[in-house]
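Below are the chains, spelled out letter by letter.
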Amino acid sequence: NYLTITKPHSFNCWFAKNKVVFIVKLKCFFLSLIGHGNHKEDSPFLSSTDAASKKNDFYDKNLALFEEELDIRPKVSSLLSRLVSYTNITQGAKEHEEEESAQASRRKTPKSPNMGTLMGVYLPCLQNIFGVILFLRLTWIVGMAGIMQSLLIVLMCCSCTMLTAISMSAIATNGVVPAGGAYFMISRSLGPEFGGAVGLCFYLGTTFASAMYILGAIEIFLKYLVPQAAIFHATDPPGSDSAMLNNMRVYGTICLSLMAVVVFVGVKYVNKLASLFLACVIISIVSIYAGAIKSMTHPPEFPICMLGNRTLVRDRFDVCAKTVIKGNITVPSQLWDRFCLPGNMSSAQCDDYFIQNNVTEIPGIPGLGSGIIRENMWGDYLQKGDILEKPGLQSVDAHGAMENFGMYVSADIATSFTLLVGIFFPSATGIMAGSNRSGDLRDAQKSIPVGTILAITTTSLVSVVLFGACIEGVVLRDKFGDAVRKNLVVGTLSWPSPWVIVIGSFFSTVGAGLQSLTGAPRLLQAIAKDNIIPFLRVFGHGKTNGEPTWALLLTGLIAELGILIASLDMVTCYLFFLMCYLFVNLACAVQTLLRTPNWRPRFKYYHWALSFLGMSMCLALMFISSWYYAIVAMGIAGMIYKYIEYQGAEKEWGDGIRGLSLSGARYALLRLEVGPPHTKNWRPQLLVLLKLDEDLHVKYPRLLTFASQLKAGKGLTIVGSVIQGNFLDSYGEMQAAEQAIKNMMEIERVKGFCQVVVASKVREGVVHLIQSCGLGGMKHNTVVMGWPYGWRQSEDPRAWKTFINTVRCTTAAHLALMVPKNVSFYPSNHERFTDGNIDVWWIVHDGGMLMLLPFLLKQHKVWRKCKMRIFTVAQMDDNSIQMKKDLATFLYQLRIEAEVEVVEMHDSDISAYTYERTLMMEQRSQMLRQMRLSSAERQREAQLVKDRHSLVRMGSLYSDEEEEVVEAPPEKVQMTWTREKCEAERRNRNNAPENFRELMSLKPDQSNVRRMHTAVKLNEVIVNRSHDARLVLLNMPGPPRNTDGDENYMEFLEVLTEGLERVLLVRGGGREVITIYS
């Protein structure tokens, strides 16, 4: 306000330069006024109230004690009313349409989801489980694997799904589950990275499952319902497979388009059709049981024609015999004409195998009482092209002609146990059909566990034993029913007619495809609305009633890819489902073991061991069925995970992985508390003290650059700063400062933590940081701070006093200290030194820090090409040759490659230059001390500080704004002086020429002269040897014990480092940090 009124031009210029910082400060200021803005999931208040209710909150007479906080801490009654009014209406749940007429000016009121357990969960699960695999492939699986191995396959798959359903029930009853189902549960339990990766994989699995169901429906339509509807026809038997695939592609695309239109119109029409489709499924299952019971006394007539022990395709001929009698004449049958030249009864013109073996007929459905179960007990795996043979029949092995191969029923693919597991498992994947539609359920917490577990229990009663005990083995192994006149194999067992199963299975597969095509777009829309994957954002939009239009379009395109594959056995969607189930179990196990306070599921029949067992089974099934597809699926999920981690929006959902990290960190910290790290494990854990300017910009960002080069991403880095002021008033500024430092850390690639302290004095704030940063064993052991530039030019001593006080505090706390001097000349992370030296001047042993730091710096690409040189100083009484040998041996044992030099420093007289330098230093100190004692100067300084505080109440490290008043000695006033005498004495004291004479006659202290002599001599040697070094590391002498010589100490350091471009002053922490032992 002051600037805008008095100096509007200055304010405009300042605002143009500091717009971003100004906005950050303003935001933090408002946050400090109104509290923090939280994510909607962090708050239990699910809907807002109107102004009237808020006003009533404030003026409730019984709550006068709390009236100032009622905006952030509402009344209990208000909270409960908001919870009651909450509904989980989400995309796809609002089944109202906008009125098309021109008179409609407003939309209908959204209806709450009203689907219960039966229609919402149980029936969709039942329909998906009793889908295409049960009707088209289960009999074939029993025939190939045998009853025992088939039971093992079913047991494995159903156990896996049942354990997953238990875990899913626990997660689903642990709070409100809106749309998204499995994705929502995984992402909120394991985090956005796992949730997004597994959610997208589950979406792909559901989409390809819809293609699988559509292909199953088209296979039933073209093979069993209307075979004459085929568009493409094969001219020869080997080409029949390709013609069939082309027919399935055409009809599958048409069917997919029709289903997509039905889903686009609205999910309520899918639900209306679901009951019809499910009725067909139930009738089909009942007819199978009825047919099995009837087969005990009256098995259905489905004879199979066998040539030797080989099964013949029954629709290629009329009579199962080589000859037939017409009148009284024996004539060749159609079967004869297929294997021999037509019209010729001579055996010389026939197939060898046909002539040497007899044609017999056996029942295709012997029935429950026939004992066929013994023959079907064990498996008979076939390779592609193998002819189906019955082991018990006699056969003469003879070579048959290849042109007659089409007369036999043969295996279209090679089979194995793992392949059959992969083919059967999709029939068990229907357990998620209910949870995918969680947004449409009235009470998802109740419906999902009850409906899912009930559906699995119901379907498990349909035993494979039934098929193995009733149907002939060669018929079971006949995938397409060629041996029973192209009838569906399951249909041959049903009662009263095979058409019941054919029609029921067709409608069942169509219904399952509709359910998958309904659930997949809603899953994608839920992922897109969470905004964790930026490029999927467009799929979060839909129609006005929330129907996911764009997601449905993408789902249709991906499903079309599955349709183009056209082979029911090749559409492998189950791996994505298995991965989803694996992470559902993992989520439940992690939440159970962590025992987070929010883990309170209403479903109580779960245990972490069951979840781990389910997870292990899912992983085993993935690699048993197809290890290479499992690796591909896990690779896809891994890539999505890394993409979300680096590019996706950051989300905090209080997930279990965060809790797991916290638990692991706590365990590690408790382990670290046992004792200090061994010397071999010691590495600098940095506390970097930063200085901020008045606009919250980091004044010396190269300090962070140096820290990142030294750490290379390893160990602990804490970046701290101090704001001068009152915590209650400066909270917003503290947040803005933290954000500015975090941004700079990100730019400089510093991996670590930020801590900003508000203190009344900067010196006290630095001490607080040194004492309190870190936690447990993860505490800093090294402090990095900048050099107080301009301390000579400043008349205010507070800047260098704060610096020296910090040096004393680090020494007292047994912490190492690094002071990079001329830090602005240090290289950035983008520069690289191709040559040069890092010189170490080892004057006194300080724990080995000087040896370790260059080694760590050389790990970084900036310093990697630099060579290391170590200089040490020898006095007159030292053997410099032996010192060099010993130092070389020591470095060899340390495994550090460096050149070694010993510099001899001879005793010499103190030069006149040293004496003059010391004298100037002490005269300057005395003069500044007298100036600070001047009352006029004190008043001017106080006014200056007051003006600064009125403009910006902001302090930073080494700032000049810390109020520190130097006490003046009391004036001596004689009781007998007159008023004039007193004023004259005061004038004389202010102008005192004798003070100047005292200053000129001052003699330097001898200890200061000695110290200056050392600094000058060392500086001469260092500059002579290391003037062209990339970096010079030097022992930092400690401050004097007597605080009166603090200013002289700063001068000694300046003299010691004069003429050097980059200097790193190092003080050890009082312990060894490097060792020669392994």
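Everything numeric here is computed off the predicted structure, so don't read it as measured data.

## A look at the side chain of Asn 829
For Asn 829, the position within the fold is in the loop between β10 (816-821) and β11 (837-842). Given a relative accessible area of 11%, Asn 829 falls into the buried group. In this structure the side chain of Asn 829 is engaged in a polar contact, spanning 3.3 Å, whose partner is the backbone oxygen of Glu 748. In this structure, Asn 829 is in contact with Thr 705, Ser 708, Gln 709, Glu 748, His 860, Lys 861 and Val 862, ignoring residues within four places of it in sequence.

## With respect to the state of the cysteines
Overall, the coordinates contain two disulfides when judged by the stated rule. A disulfide bridge connects Cys 305 with Cys 320, and the sulfur atoms are separated by 1.9 Å. Residues Cys 305 and Cys 320 are joined by a disulfide whose S-S torsion is about 85°; by sign, that bridge is right-handed. Of the two residues, Cys 305 sits in strand β1 (residues 303-307) while Cys 320 sits in the loop between β2 (310-311) and β3 (323-326), which places them 15 residues apart along the sequence. As far as the burial class goes, Cys 305 and Cys 320 line up, both buried. The disulfide bridge from Cys 340 ends at Cys 350, spanning 1.7 Å between sulfur atoms. One disulfide, between Cys 340 and Cys 350, carries an S-S torsion of 120° and so falls in the right-handed class. Placement of the pair is Cys 340 in the loop between α13 (334-339) and α14 (352-356) and Cys 350 in the loop between α13 and α14, with a sequence separation of 10 residues. Note on accessibility: Cys 340 and Cys 350 belong to one class, buried. For the protein, the disulfide bridges join cysteines in the arrangement 1-2, 3-4, where the cysteines are counted in sequence order.

## Looking at the sheet that holds strand β7 (residues 717-724)
Ordered in space as β8-β7-β6-β9-β10-β15-β14-β11-β12-β13, the 10 strands form an open sheet in which the pairing is mixed. The sheet is open, and its two edges are formed by β8 (753-759) and β13 (899-904), each paired on a single side. Here the average twist between neighbouring strands, direction ignored, is 20°. Sitting on the sheet, helix α28 (residues 762-772) touches β6 (686-689), β7 and β8, and the angle it makes with β7 is about 155°. Those strands touched by helix α31 (residues 880-893) are β11, β12 (867-874) and β13, and its axis lies near 150° from that of β13.

## Digging into a positive patch on the surface
Among the surface-exposed residues, Arg 749, Arg 832, Lys 861, Arg 864 and Lys 865 lie close enough to one another that they form a single positively charged patch. Tracing the sequence through the fold places Lys 865 in the loop between α30 (849-857) and β12. Taking the relative accessible area as the measure of exposure, Lys 865 reaches 56% and is therefore exposed.

## Digging into the confidence of the model for the protein
When pLDDT is averaged along the protein, the result is 76, and 73% of the positions lie at 70 or above. Overall, residues 27-59 carries pLDDT values under 50, and its contacts beyond four positions in sequence, including any with other chains, amount to 34 contacts. Segment residues 950-972 is flagged for pLDDT under 50; beyond a separation of four residues in sequence, or across chains, it makes 69 contacts in the model.

## As for the sheet that holds β1
Here we have three strands laid out as an open sheet, ordered β2-β1-β5, and antiparallel in their pairing. Strand pairing shows two members of the sheet lacking a second neighbour, β2 and β5 (359-363), which therefore form its edges. Where β1 lies against β2, two bridges are found, and the strand directions are antiparallel. Paired with Leu 307 across the strands is Arg 310, a residue of β2.

## As for the packing of helix α8 (residues 138-172) against helix α15 (residues 417-424)
With their axes 10 Å apart at the nearest point, α8 and α15 run at an angle of 75° to one another. Classified by the angle their axes make, α8 and α15 are roughly perpendicular. Packed against α8, whose contacting residues are Leu 138, Trp 140, Ile 141, Met 144, Ala 145, Gln 149, Leu 152, Ile 153, Val 154, Met 156 and Cys 157, the element α15 presents Phe 417, Leu 420, Val 421, Ile 423 and Phe 424 at the interface.

## Concerning the nonpolar core
One finds Ile 471 and Leu 578 to be the most contacted residues of the largest nonpolar core, which totals 148 residues. If you tally residues by element for this core, the top one is helix α10 (residues 192-225), at 18 residues. Judged by nonpolar contacts, the second largest core, of 56 residues, contains Ala 707, Ala 816, Phe 833 and Met 851.

## Topic: the pairing of β7
Taking burial as the measure, the eight residues of β7 include eight buried ones, the bulk of the element. On β7, burial covers both faces: Thr 717, Val 719, Ser 721 and Ile 723 on one face and Ile 718, Gly 720, Val 722 and Gln 724 on the other are all buried. Examined bridge by bridge, β6 and β7 share four bridges and lie parallel to one another. Paired with Val 688 across the two strands is Val 719, which belongs to β7. Pairing between β7 and β8: seven bridges, direction parallel. The residue of β8 that forms the bridge with Ser 721 is Val 756. Taken together, β7, helix α27 (residues 731-747) and β8 constitute a β-α-β crossover, and its handedness is right-handed.

## A look at the pairing of strand β4 (residues 329-332)
Looking at chain direction, β3 and β4 are connected through four bridges and run antiparallel. Bridge pairing in β4 links Val 324 to Val 331. Here β3 folds back onto β4, and the loop between the two strands holds two residues, one of which, Gly 327, carries a positive phi near 70°.

## Notes on the environment of Arg 477
Here Arg 477 lies in the loop between α18 (473-476) and α19 (489-493). Counting along the chain gives 333 residues from Arg 477 to Met 144, while the straight-line C-alpha distance between them is 5.8 Å. Among all residues touching Arg 477, those that are not within four sequence positions of it are Trp 140, Gly 143, Met 144, Asp 380, Leu 388 and Glu 389. A distance of 3.4 Å separates a polar side-chain atom of Arg 477 from the backbone oxygen of Gly 143.

## What about α8?
With 35 residues, α8 should reach 51 Å at 1.5 Å per residue; the first-to-last C-alpha distance of 31 Å falls well below that figure. Its maximal kink placed at Gly 146, α8 deviates by approximately 115°. Counting buried positions along α8 gives 28 out of 35 residues, so the element sits mostly inside the fold.

## Focus on the pattern of salt bridges
For the structure on display, the rule yields 13 salt bridges. The shortest N-O distance in the salt bridge between Asp 380 and Arg 477 comes to 3.7 Å. Pair noted here: Asp 380 is in the loop between β5 and α15 and Arg 477 is in the loop between α18 and α19, with a separation of 97 residues, a long-range link. A salt bridge links Lys 390 to Glu 472; the nearest nitrogen and oxygen atoms lie 2.8 Å apart. Residue Lys 390 is located in the loop between β5 and α15, and its partner Glu 472 is located in the loop between α17 (464-470) and α18; the two are separated by 82 residues in the primary sequence. Take Lys 390 and Glu 472: they sit in the same class, and that class is buried. Each member of the salt-bridge network shares a partner with another, and the members are Glu 375, Lys 390 and Glu 472.

## So, the environment of Thr 360
By the secondary structure assignment, Thr 360 is in strand β5. When its relative accessible area of 32% is taken as the criterion, Thr 360 is described as partly exposed. Taking the C-alpha atoms as reference, Thr 360 lies 9.8 Å from Pro 303; in sequence the two are 57 residues apart. Leaving out residues up to four positions away in the same chain, Thr 360 has contacts with Ile 304, Cys 305, Met 306, Gly 308, Cys 320 and Leu 393.

## Thoughts on the packing of aromatic side chains
Scanning all chains against the criterion turns up 25 aromatic pairs. With centroids separated by 6.4 Å and ring planes inclined at 35°, the aromatic side chains of Phe 577 and Tyr 581 adopt a geometry described as tilted. Highlighted residues: Phe 577 and Tyr 581, both in helix α22 (residues 574-594), separated by four residues, approximately one helical turn. Tyr 581 carries the same exposure label as Phe 577, and that label is buried. Residues Trp 787 and Phe 803 carry aromatic rings whose centres are separated by 5.3 Å and whose planes lie at 70° to one another, so their mutual orientation is edge-to-face. A residue pair is termed long-range when its members are at least 10 positions apart, and Trp 787 in the loop between β9 (782-785) and α29 (798-812) and Phe 803 in helix α29 qualify at 16 residues. Classification of Trp 787 by relative accessible area gives buried; the value is 2%. You can call Phe 803 buried: its relative accessible area is 0%. Taken together, the ring pairs connect Trp 336, Phe 339, Tyr 353, Phe 354 and Tyr 408 into an aromatic cluster. The side chain of Arg 310 reaches across the aromatic face of Tyr 353, ending 3.8 Å from its centre.

Cut-off values and rules
- Residues numbered from 1 in each chain as written.
- Predicted model: local features only at pLDDT ≥ 70, side-chain atom pairs only at ≥ 80, totals over all residues.
- Heavy atoms only, no water.
- Helix = DSSP H or I, 4+ residues; strand = E, 2+ residues; numbered from the N terminus.
- Buried < 20%, exposed > 50% of the residue type's maximum accessible area, 1.4 Å probe, protein only.
- Polar contact = N/O pair within 3.5 Å; in protein donor to acceptor, adjacent residues only side chain to side chain.
- Contact = heavy atoms within 4.5 Å.
- Disulfide = S-S within 2.5 Å.
- Pairing = 2+ DSSP bridges.
- Axes fitted to C-alpha atoms, helices over the stretch in contact; angles between N-to-C directions.
- Patch = residues over 30% accessible without salt bridge, like charges linked within 9 Å, V, L, I, M, F, W, Y side chains within 5 Å.
- Areas by Shrake-Rupley, 256 points an atom, 1.4 Å probe, with all protein chains shown as cover.
- Salt bridge = Lys/Arg side-chain N within 4 Å of Asp/Glu carboxyl O.
- Lys, Arg positive; Asp, Glu negative; His and termini not counted.
- Charge placed at Lys NZ, Arg CZ, Asp CG, Glu CD.
- pLDDT = per-residue confidence, 0-100.
- Parallel < 35°, antiparallel > 145°, perpendicular 65-115°, else oblique.
- Core = buried A, V, L, I, M, F, W, Y, C linked by side-chain atoms within 4.5 Å.
- Right-handed = clockwise from strand over helix to strand, strands pointing away.
- Expected span 1.5 Å × (residues − 1).
- Bend = angle between axes of the 7 residues up to and from the residue.
- Phe/Tyr/Trp six-rings, centres within 6.5 Å; stacked < 30°, edge-to-face > 60°.
- Lys NZ or Arg CZ within 6 Å of the ring centre and 35° of its normal.

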